[in-house]
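Residue-level structure breakdown
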Amino acid sequence: MRAYYVIDYDGLHKSPTIHIPEGLNKEQAAVYVYGEMMLEYWTVDTPHAIYITEDKGYKFAHGDATVDEKVHAGLLLEDKLIAELDRQDLSS
């Protein structure tokens, strides 16, 4: 299992990928990620979202739904910007 967290503090900040020790279930994995957040001096009171994947695709596992919404809005915007840049490259 792998995970990452996103902190909403003066903008969205994504953690590096966190490799979850084998044998943990998703709830235990979320607790493990909270420990990693605290090592970086973030607290559970900081607006955040935790994403976990077992095979393909990260899924929201824990945290604030508003942060998750911002992440999805940002990803959609990023996809649109990339598509626009691709169109500009093709038309040049």
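Everything here concerns the structure above.
Bear in mind that the values here come from a model prediction, so they are computed numbers and not experimental data.

Notes on the packing of aromatic side chains
Counting across every chain of the model gives four aromatic pairs. Taking the centre distance of 5.1 Å and the plane angle of 20° together, the rings of tyrosine 4 and tyrosine 51 count as stacked. Of this pair, tyrosine 4 sits in strand 1 (residues 2-8) while tyrosine 51 sits in strand 4 (residues 48-53); the two residues are 47 residues apart in sequence, bridging distant segments of the chain. Across the pair, exposure class does not vary: tyrosine 4 and tyrosine 51 are buried alike. A centroid spacing of 5.9 Å and a plane angle of 65° characterise the contact between tyrosine 51 and phenylalanine 60, whose relative ring orientation is edge-to-face. Joined through ring pairs, the aromatic side chains of Tyr4, Tyr51, Tyr58 and Phe60 make up one cluster. Over the ring of tyrosine 4 we find lysine 14; its NZ or CZ atom is 4.5 Å from the centre of that ring.

Description of helix 1 (residues 26-39)
Here helix 1 spans 20 Å end to end across 14 residues, near enough to the 20 Å set by a 1.5 Å rise per residue. Of all the residues in helix 1, the buried ones are Ala29, Ala30, Val33, Tyr34 and Met37. Viewed end-on, helix 1 has its buried residues packed into an arc of 150°, placing them on one side of the element. Across from the buried face of helix 1, at angles greater than 90 degrees, the exposed residues are Val31 and Leu39. Where helix 1 is buried, its residues meet strand 1, strand 3 (18-19), strand 4 and strand 5 (59-63). A distance of 3.0 Å separates the backbone nitrogen of glutamate 27 from a side-chain oxygen at the start of helix 1, and that oxygen is part of asparagine 25. Residue tyrosine 41 follows helix 1 closely and has a positive phi angle near 70°.

Considering the pattern of salt bridges
Side chains bearing opposite charge may pair, as long as their charged atoms lie close to each other. Inspection of the entire model under this criterion finds two salt bridges. Put simply, lysine 26 and glutamate 54 hold a salt bridge, and the shortest N to O gap is 3.5 Å. One end of the pair, lysine 26, is in helix 1; the other, glutamate 54, is in the loop between strand 4 and strand 5, with 28 residues separating them in the sequence. For glutamate 54, a relative accessible area of 49% puts it in the partly exposed group.

Thresholds, definitions, all that
- Residues numbered from 1 in each chain as written.
- Predicted model: local features only at pLDDT ≥ 70, side-chain atom pairs only at ≥ 80, totals over all residues.
- Heavy atoms only, no water.
- Phe/Tyr/Trp six-rings, centres within 6.5 Å; stacked < 30°, edge-to-face > 60°.
- Helix = DSSP H or I, 4+ residues; strand = E, 2+ residues; numbered from the N terminus.
- Buried < 20%, exposed > 50% of the residue type's maximum accessible area, 1.4 Å probe, protein only.
- Lys NZ or Arg CZ within 6 Å of the ring centre and 35° of its normal.
- Expected span 1.5 Å × (residues − 1).
- Arc of directions from axis to C-beta.
- Contact = heavy atoms within 4.5 Å.
- Polar contact = N/O pair within 3.5 Å; in protein donor to acceptor, adjacent residues only side chain to side chain.
- Salt bridge = Lys/Arg side-chain N within 4 Å of Asp/Glu carboxyl O.

The values reported here are purely geometric and, on their own, carry no functional implication.
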